[in-house]
Amino acid sequence: MRKRLLSFALCAAMALTAMTGCGAKTEDTAASSKGAETGSEAAKAEEEETEAAREADGEEKGLVIPSASCVANLNPLLESYKEGVIMLNPLYDPLYVIDVNETRYYLAESYEVSEDGTSVTLKLKDGLKWHDGEPITADDVIFTMDVNADTNNGAGNTNVVILNDQPVKYEKVDDLTVKITLPMASASYPALLGELTLIPEHVYGGNTSIVGAEANMSGIGSGPYKLREFKQDQYLILEKNEDYYMGAPDIDTVTFRIISDISAQEVALMNGEINLMELSSAPAVAKYSEDPNYTVVMYPEGRVNYLAVNKFCETVQDPKVVEAVFAALDAQEIIDGAYGGMAVPANTVLSNMTTFYDESVEGYSQDIEKAKQLAAETGIEGSTMTLYFNSERAYMKESAQVIQQQLKNVGINLEVIPLESTGFFEKVFGTDGDYEFYLNGYAAVGDPDTVVAGMYDGTWGVNLAVSDELLGLWQEARSVFTEDERAAIYKEIQEKTKEEMSCYPIAYPNYVFVTTGNVKGTDTIKRTPIFEDYTKLTIE
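Residues numbered from 1 in each chain as written. Predicted model: local features only at pLDDT ≥ 70, side-chain atom pairs only at ≥ 80, totals over all residues. Heavy atoms only, no water.

Draft legend 1. How the structure looks around the sheet that holds strand 9 (residues 177–181). Strand order across the open sheet formed by four strands is 4-5-9-8, with antiparallel pairing between neighbours. Only two strands of the sheet have a single neighbouring strand rather than two, namely strand 4 (108–113) and strand 8 (169–174). Here the average twist between neighbouring strands, direction ignored, is 20 degrees. Sheet analysis places strand 5 (residues 119–124) next to strand 9, joined by five bridges and oriented antiparallel. Counterpart to L122 in the pairing with strand 9 is V178. The strands touched by helix 6 (residues 138–149) within the sheet are strand 5, strand 8 and strand 9, with strand 8 carrying the most contacts at an inclination of about 170 degrees. (Pairing = 2+ DSSP bridges. Helix = DSSP H or I, 4+ residues; strand = E, 2+ residues; numbered from the N terminus. Axes fitted to C-alpha atoms, helices over the stretch in contact; angles between N-to-C directions. Contact = heavy atoms within 4.5 Å.)

This is the structure in C-alpha cells:
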C-alpha cells in the first residue's frame, strides 16, 4: 500500500483536477493549473523518475490525507479556515497549547504572567531552527507581532497585539525573550499568545507588509515537516524535518490531496490511494468500524455549526421575521436528518469544548404555531428567502435541505444555494444584502477569546448584528482576571446572544475519521484541528 500511496502523492492528484476545489484562487493559480494540463506528460515523466530514485533509496512511509479545499498560500497567518489550518499544521508549530489539564510547550520554553496580570514574559527554547537552518529568535516573535499589528494584512492573530481596541506593547529582552505589556489585565491573553504562529523575519526581509508577498509561498516553517512540493488545487507534499527539535517524526511524508467530492474521497480510500478520511454519516462509521482493515476515531470537534442572519438584508431587519424563522426550526431534527447522530444539539454560541460553556442555558425551541402566526403577521408567509451554504463542508447541504423543509411547513419558501469555499466566504463575510441566511461553523475549543469572540466582534466577519451591550460584554470578559468573574460574564454572553437572535446555533459535531489499520497514534491528542503533534503518529 505504501508504494501506491506514494505514487498518488505526485501523479494521480493531477488527474483529479476536475474534482478539486480551493479557496481564494489567484491569477497565478489559474496559470499554474493551465500549465499542469498542458505539461501533464512531462510532469508524469518527472514523477516517475523521482519515484524510481526514492525506491532505490528505500521505500518511504507516507500519510495521504484528502482535503475538500486548498490553501491559497503557505503563510499560516493568512489561513483561518478549517481545511487550510489542517494542511499547514505540520509545517508550523505554536508557541504552546493550554489544554484543560495541562500546558504543552512547543517553541516556547515558558511564559510568566505578572502578579497584576498586565504583563507576560515569553521565553523561547534555545537552539530552535527554521527549516532553512536559520535560528528562531525573539526577533521572529517581534516581527510576527508587527505583522499582526498591521491590520491591512488581515493576519489571523490580531487579538494578540490589540486588546479591547488598544495596542499591546512588546519588546525584545534578549535573543530568546520578549516582554509583553498589556493595556489592561487579561485572563485570556496567555491562551491567545500560545496560539501565535511565528513566521521567519529573514524570509520576508523584515517587511511587515505581507499581502501578496512572494515569501508567502516559501513554506519555511518550524514544524515536524517541511515543504517538498506544492501544486495549487492539486496537492501539498511535506517531508519530515530530520532536525526537528522534538525528534524527527516516524512518517516520512505527509501529503494533502485536494479532493472536494466526498464520494471520490471514499473511492480513493478503498483503492488505497489515501489512508485517512473524515466521516460524516453514521452508516459510514458503522461500515468502517466493522472492517478490521480500518480504525475509526471519534471525539468532540469543539465546533459550533450555525445558521447566521445577514444583518445587511432588509428582510431580516424586522426581529419578528427572524423570530418566525427560528421558531420554525428544530435543531434535533436537523441533526437527525443531516448528521445521522454525529452531533449533539447546540444550545449556545460556545461549544461543549469551550471553557465557560454553560449547559444550563436554554437554546431555541421549535414552536410551529408561533412561527405560522409571525410569518403571517410580518408578511413573509408565501415569500421566498435565500440561504447560502458551503458545498465543500460536511453536513451543510443536508442541513440546508432539512431547514428548507422546516420553513416550508410554516409557509415560508427557502432557496438554498451551494457555493464552493472561495465563493462562499467571499459572499458571506462581505456586505451583500441580497440574501437572508447562511450556514457556517467555527472552531470553539478552549478559551472563548481565541476564536469565538472574533465571530461576534467583527474580527472574522461583519454581517452578524451585535449590540454595543454585547460587544461590551465580550470586551469585559477578556479584561477581568478571575475565573468566577469570567464565568458569570460568559454566561450572560450566552444568554444575550440568544436574545439578540444574530444566529441559531445548530450542532456541536463530533470529529470522526477513519484511517487504514496500519496508521497508529491518531487518538493520542484528541484535539482539533488534527493533528497537534505529528511525532505521535506512526505507520506500521
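Structure shown, so let's carry the discussion forward.
Draft legend 2. Spatial organisation of empty space enclosed by the protein. The full count for this structure, using the stated rule, is three cavities of 30 Å³ or more. In this model, the largest cavity occupies a volume close to 390 Å³. Lining the largest cavity are 26 residues, with A68, K82, E83, E278 and Y511 positioned closest to its centre. Counting residues per element, the ones that place at least two in the lining of the largest cavity are strand 1 (62–67), helix 5 (82–88), helix 8 (262–270), strand 13 (276–278), strand 15 (303–309) and strand 20 (503–516). (1 Å grid on protein atoms, 1.4 Å probe; cavity = no way out; pocket = protein on both sides within 12 Å on 5 of 7 lines; lining within 4 Å. Points joined across faces, edges and corners; volume = space filled by probe spheres on them.)

Draft legend 3. Focus on helix 12 (residues 368–378). Along helix 12, the residues classified as buried are A371, L374 and A375. Projected down its long axis, helix 12 carries its buried residues within an arc of 105 degrees, all on one side. More than 90 degrees from the buried face of helix 12, the exposed residues found are E369 and Q373. Buried positions along helix 12 lie against helix 10 (319–328). (Buried < 20%, exposed > 50% of the residue type's maximum accessible area, 1.4 Å probe, protein only. Arc of directions from axis to C-beta.)

Draft legend 4. Structural context of the confidence of the model for the chain. The share of residues in the chain with pLDDT of 70 or more is 89%, and the mean pLDDT across the chain is 88. Low pLDDT, under 50, characterises residues 1–57; the stretch is placed with 84 contacts to residues that sit more than four places away or in other chains. (pLDDT = per-residue confidence, 0-100.)

Draft legend 5. Structural view of the side chain of K240. Of note, K240 is situated in strand 11 (residues 235–240). Taking the relative accessible area as the measure of exposure, K240 reaches 18% and is therefore buried.

Draft legend 6. Representation of the pairing of strand 20 within the structure. Burial of strand 20 is extensive: 14 of the 14 residues sit out of reach of the surface. Here three bridges tie strand 13 to strand 20, and the two strands are oriented antiparallel to one another. Within the sheet, the bridge partner assigned to E278 lies in strand 20 and is F513. For strand 14 (residues 294–300) and strand 20, the ladder comprises seven bridges, and the chain directions are antiparallel. When the bridges of strand 20 are listed, T295 appears paired with T515.

Draft legend 7. Representation of the sheet that holds strand 10 (residues 225–231) within the structure. An order of 1-12-11-10 is seen for the four strands of this open sheet, with the pairing classed as mixed. Edge positions in the open sheet fall to strand 1 and strand 10, since each of these has one partner strand only. This sheet shows a mean twist of 20 degrees between the axes of neighbouring strands, independent of strand direction. Here strand 10 runs beside strand 11; their pairing, made up of six bridges, is antiparallel. Counterpart to K226 in the pairing with strand 11 is E239.

Draft legend 8. Representation of the packing of aromatic side chains within the structure. For the structure shown, the criterion picks out 29 aromatic pairs. Relative to Y204, the ring of F143 lies with its centre 5.9 Å away and its plane at 40 degrees, an arrangement referred to as tilted. Of this pair, F143 sits in helix 6 while Y204 sits in the loop between helix 7 (189–194) and strand 10, and the two are 61 residues apart along the sequence. Its relative accessible area of 11% is what places Y204 among the buried residues. Both rings, one in F326 and one in Y364, keep their centres 4.9 Å apart while their planes meet at 65 degrees; by these two values the pair is edge-to-face. Here Y364 lies in the loop between strand 16 (343–345) and helix 12 and F326 lies in helix 10, a separation of 38 residues in the sequence. Residue placement shows K498 over the ring face of Y364; its charged tip is 6.0 Å from the ring centre. (Phe/Tyr/Trp six-rings, centres within 6.5 Å; stacked < 30°, edge-to-face > 60°. Lys NZ or Arg CZ within 6 Å of the ring centre and 35° of its normal.)

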